[in-house]
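An overview of the molecular structure
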Amino acid sequence: MEAYFIAIGIIALIYVILSLGLTLQYGLTGLINFGHVGFFAIGAYTSALLALKGVPLVFSFAAAAALAGLAAWPLGLVSLRLRDDYFAIVTLGFSEVVRIVITSERWLTNGVQGLPGIPRLYEGLGGSAAQLAVLVTVLAVTLVGAWIIRRIAGSPFGRLIEAIRDNEEAVQALGKDPARFKVQVLVVGAALAGIAGAFYAHYITYIVPDQFIPLVTFYVWMAIIMGGVGRVSGAIVGTAILMLFLEGSRFLRDIVPGVSEVDMASVRIGAVGLLLVLFIMYRPQGLMGDYTKR
Amino acid sequence: MTHTRRQFIGTIGAATALIGAPSILRAQAQGTFRIGALCPVTGSGSPFGSGMQKMIIAAAEAVNAAGGAAGRKIEIVSEDTQTSPQAAVLAAKKLIDVNKVQAVLGTWSSGVSLAVVPLTNDANIILMNTSGAPALSMPPANAKGLSYRFQATNDRFGRAFAEICEKEGFKRPATMAFNNASGVGNTEGFRKAWEAKGHKLVESVVYEPNQPTYRSELQKVLAANPDVIVTGSYLADTTIIMREWYQSGQPVKWVMPGWAASPDLVKAVGPDVVEGVISVDSVSNENAPSYKAYDEAYRKATGQPGQSNVYAAMTWDMVHVLALAIEAANGTDMAAINAKIREVSNPAGQQVYTYAEGKEALKKGKINFEGASSVLDFDQYGDVTPDFGVFFIEGGQLNRRYVVKI
């Protein structure tokens, strides 16, 4: 039983790290990033490939963050003139480009066959101790990430990016250059996604391009919208709710009588959808959202 | 009515407790052997998944009706992989840690099987899959020898394609593959086997999924002037390719896997277009009594003929092989059971076709279970080598001309 909760915890925390990045980009700065999974994929493949070559995991994680961040930089430069929805399309396209490059460059990524046997974290500890150690590590990284985002939000830099979100012209009129700040925000958020990707690769131990579809991005979006946009607590609580819906529904079978085992799988997915719809209907600003503004 | 945040969190907490509570009461019951059915009920495997899961349950009923294995009843706990590795990992964790299953049966796509196998290895339990990827045979995936594959590997499909091309006298084959592990696996397997015979490919193209047209890929292949095109494709893309090829008017033969060149393809494009297409599929062990039993169970559970789902025949066999191994090991020790799997299914021994029959025969000596999906003889990697049926589409019908053994 504990091992199952630890597994859910690890996956949930990986999603929290992803949503922290998006909180910074969308919640604070207003950049609609629909390509988050692209940076997640870059992180996962970078760390996995290095680790399979024998590079110590400390360095492969650092490389994952660095490369994912670097990938965001040119994207930021070319698309800064684009507003809101246009930017969203570019990022969505970017994540698909990443996926297709990974699929096609078989000499590097083994293409659609994927990379099996990625080393795990704390392999030496073995069994449940290793799982617990992974959970603690991801938790620590998440907390540090959350703390950094909170610090950013409270700093002059944070107020500036919030001003960009609320009124970009006003920021320009005050003599600040929004472009530079947007690039910085993109890079930091992407680096966080890269770290999340590295954890994912070393936890699942097998990655293949099919895992990095836009659905992942939209899970993260669902999480931050349910939790409350622009709040660090929202990112955390939102992911928790999403995981509760997705995993809790597995136990539906125990409480709903009269549905066959096979039908249950479809009922379950339906129930998740219904819960998400109801949640947004009754809590449109998210659980931890800012209720002072309308 | 106003809600406070605190109330809301309270409600969610209560809901969690409600959902979590029953599972605590699920301690392992005495006298049962619990098996996890982990099938692709939703997602891209859904055309097969529900039938696979139903056959695991039906086979377990057959085993229990014959008095169970080693004095225990088989109990099935079902989960859905959603045909996604991440969802499958969490589902497998739940089966292993919460439900305490002692074997996981029925993973379908290679991505899912490769993600689940480290977990079953850690728990020292058996995984039985129907995936094609070669990586599943070798360490690290099958480091402990606990993983069994009931489907032919993509490599074996490729070898069968090469045998057929040689037999049919083709000289200039080209390949077209859907870009995923299975599609590319088929054509790569073909290329290896074909080149090993000292021949050459004239062209090979890999195409991306979900395109509205494959005209440019098709033109590239046809420009090389092949006499046959070997595909690793699926139904939807094959339908488009066949239509566009027919419009081009260039004569060429086709060799395709059975899941692409199926009766549905004939229905979709019309018998004229697919006349003469060669369809290759692993043949279920159709003349064996075990196939008859499976077919009956499948019709009863789904109202469709057993032929419509080769993977369901495989999951039917999984439960049979496992239950016979449990009976032979006479206990629930996983190492002992694993040691018996090959013993009850490989040759030397009395051929048996049902669980009840096998259980009786085990009292007298060694048995060799012949499954519904194939004769089920596992090699050292836990792979089976089924025979391949070669079907020619003639006048809209798939007629089996011969069987290829590799």
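Just so you know, these numbers come straight off a predicted model, no measurement behind them. (Residues numbered from 1 in each chain as written. Chains lettered and ligands numbered in written order. Predicted model: local features only at pLDDT ≥ 70, side-chain atom pairs only at ≥ 80, totals over all residues. Heavy atoms only, no water.)

A few points about the overall build of chain A
Regarding its fold elements, chain A presents 13 helices and zero strands. For chain A, the N- to C-terminal ordering of α and β elements is α-α-α-α-α-α-α-α-α-α-α-α-α. Taking 19 Å as the expected radius of gyration for a compact globule of 294 residues, we find that chain A reaches 19 Å, a close match to that expectation. The principal-axis extents of the C-alpha atoms in chain A amount to approximately 60 × 50 × 35 Å. (Helix = DSSP H or I, 4+ residues; strand = E, 2+ residues; numbered from the N terminus. Rg over C-alpha atoms; globule rule 2.2 N^0.38 Å.)

What to know about empty space enclosed by the protein
Gaps between atoms show up when a probe of the same size as a water molecule is rolled over them. Residue and element names in this part refer to chain A. Enumeration over the complete set of coordinates arrives at three cavities of 30 Å³ or more. What the largest cavity holds in volume is close to 110 Å³. Forming the walls of the largest cavity are 13 residues, and the residues nearest its centre are R120, Q131, H202, Y203 and I204. What the second largest cavity holds in volume is close to 60 Å³. (1 Å grid on protein atoms, 1.4 Å probe; cavity = no way out; pocket = protein on both sides within 12 Å on 5 of 7 lines; lining within 4 Å. Points joined across faces, edges and corners; volume = space filled by probe spheres on them.)

Some points on the sheet that holds strand β2 (residues 73–80) of chain B
Residues and elements named next belong to chain B. Ordered in space as β2-β1-β3-β4-β5, the five strands form an open sheet in which the pairing is parallel. Each end of this open sheet is capped by a strand with a single partner; those strands are β2 and β5 (147–149). Sheet twist, expressed as the mean angle between neighbouring strand axes with direction ignored, is 20 degrees. Bridging between strand β3 (residues 103–107) and strand β4 (residues 126–129) involves four bridges; their strand directions are parallel. For L105, the partnering residue across the bridge sits in β4 and is M128. Packed onto the sheet, helix α13 (residues 334–345) meets β1 (32–39), β4 and β5 and runs at close to 35 degrees relative to β4. (Pairing = 2+ DSSP bridges. Axes fitted to C-alpha atoms, helices over the stretch in contact; angles between N-to-C directions. Contact = heavy atoms within 4.5 Å.)

A short note on a nonpolar patch on the surface
Residues and elements named next belong to chain A. A surface patch of nonpolar side chains, about 550 Å² in accessible area, is lined by L274, V277, L278, M281 and Y282. On the secondary structure map, M281 appears in helix α13 (residues 261–282). Look at M281 and you get exposed, because its relative accessible area is 53%. (Patch = residues over 30% accessible without salt bridge, like charges linked within 9 Å, V, L, I, M, F, W, Y side chains within 5 Å. Areas by Shrake-Rupley, 256 points an atom, 1.4 Å probe, with all protein chains shown as cover. Salt bridge = Lys/Arg side-chain N within 4 Å of Asp/Glu carboxyl O. Buried < 20%, exposed > 50% of the residue type's maximum accessible area, 1.4 Å probe, protein only.)

Observations concerning the nonpolar core
F39, F40, I207 and F212 of chain A are the most contacted members of the largest nonpolar core, which has 111 residues in total. Looking at which element gives the most residues to this core, the answer is helix α1 (residues 2–28) of chain A, with 17 residues. Residues I35, A59, F157 and M318 of chain B belong to the second largest nonpolar core, which totals 80 residues. (Core = buried A, V, L, I, M, F, W, Y, C linked by side-chain atoms within 4.5 Å.)

Things to note about the domain arrangement of chain B
All names here are of chain B. When the domains of chain B are assigned, the result is domain 1 (32–151 + 286–369) and domain 2 (154–282 + 387–404). Summed over both sides, the interface of domain 1 with domain 2 buries roughly 490 Å², with 45% coming from carbon and sulfur. Taken together, the connections running from domain 1 to domain 2 amount to zero salt bridges. Counting across the domain 1 and domain 2 interface gives one residue pair in polar contact (both at pLDDT 80 or more). Looking at side-chain class alone, the side of domain 1 that touches domain 2 contains two nonpolar, two polar and one charged residues. (Domains from an automatic or database assignment. Buried area = accessible area lost by both parts, 1.4 Å probe. Polar contact = N/O pair within 3.5 Å; in protein donor to acceptor, adjacent residues only side chain to side chain. Nonpolar A, V, L, I, M, F, W, Y, C, P; charged D, E, K, R; others polar.)

Here we look at the pattern of salt bridges
Following the criterion strictly, the structure yields 23 salt bridges over all chains and no others. The shortest N-O distance in the salt bridge between E188 of chain B and R191 of chain B comes to 2.9 Å. In this pair, E188 of chain B and R191 of chain B are both assigned in helix α6 (residues 181–196), three residues apart and thus about one turn of the helix distant. For the salt bridge of K267 of chain B with D264 of chain B, the shortest nitrogen-to-oxygen distance reads 3.7 Å. Taken together, the positions of K267 of chain B and D264 of chain B, both in helix α9 (residues 263–269) and three residues apart, correspond to about one turn of that helix. A cluster of three or more residues bridged by salt bridges with shared partners is formed by E247 and R250 of chain A together with E79 and K94 of chain B.

Focus on the sheet that holds strand β14 (residues 397–404) of chain B
Consider a sheet: its strands pair through backbone hydrogen bonds, and that pairing is either parallel or antiparallel. Residue and element names in this part refer to chain B. Within the open sheet, the seven strands sit side by side as β7-β6-β8-β9-β10-β13-β14. Their pairing is mixed. The open sheet is flanked by β7 (203–207) and β14, the only strands paired with a single partner. Geometrically, the sheet is characterised by an average inter-axis angle of 20 degrees between neighbouring strands, direction not taken into account. The pairing of strand β13 (residues 388–394) with β14 spans seven bridges and is antiparallel. Within β14, the position partnered with F392 by the bridge is N399. Relative to strand β6 (residues 173–178), α6 is tilted by about 155 degrees, and along the sheet it contacts β6, β7, β8 (228–232) and β9 (253–257). With respect to the sheet, helix α7 (residues 215–223) is in contact with β6, β7, β8 and β9, its orientation differing from that of β7 by roughly 170 degrees.

Overview of the confidence of the model for chain B
Per-residue confidence for chain B averages 87 on the pLDDT scale, and 93% of its residues sit at or above 70. Reported confidence for the predicted complex is 0.80 by ipTM and 0.81 by pTM. (pLDDT = per-residue confidence, 0-100.)

Regarding the side chain of T29 of chain A
Residue and element names in this part refer to chain A. Within the element layout of this structure, T29 appears in the loop between α1 and α2 (36–52). Residue classification places T29 among the buried positions, given a relative accessible area of 2%. A distance of 2.9 Å separates a polar atom in the side chain of T29 from the backbone oxygen of L24. Each residue touching T29, except ones within four places of it in the same chain, is listed here: L24, I161, I164, R165 and V185.

Considering the environment of V229 of chain A
All names here are of chain A. Mapped onto the secondary structure, V229 falls in the loop between α10 (214–227) and α11 (232–248). Separated by 60 residues in sequence, V229 and G289 have C-alpha atoms that sit 6.2 Å apart. Setting aside residues no more than four positions away along its own chain, V229 makes contact with Y26, G27, I224 and Q285.

Topic: the interface of chain A and chain B
Tallying the contact residues gives 41 residues for chain A and 47 residues for chain B. Interface area, chain A with chain B, both sides summed: about 4000 Å², of which 63% is carbon and sulfur. For the interface between chain A and chain B, the tally reads two salt bridges. The salt bridge partner of D122 of chain B is R120 of chain A, with a shortest N-O separation of 2.7 Å. On inspection of chain A and its partner chain B, the count reaches seven residue pairs in polar contact (both at pLDDT 80 or more). At seven residues, α13 of chain A tops the list of elements feeding residues into the side of chain A that touches chain B. Looking at the side of chain A that touches chain B residue by residue, the classes come out as 23 nonpolar, nine polar and nine charged.

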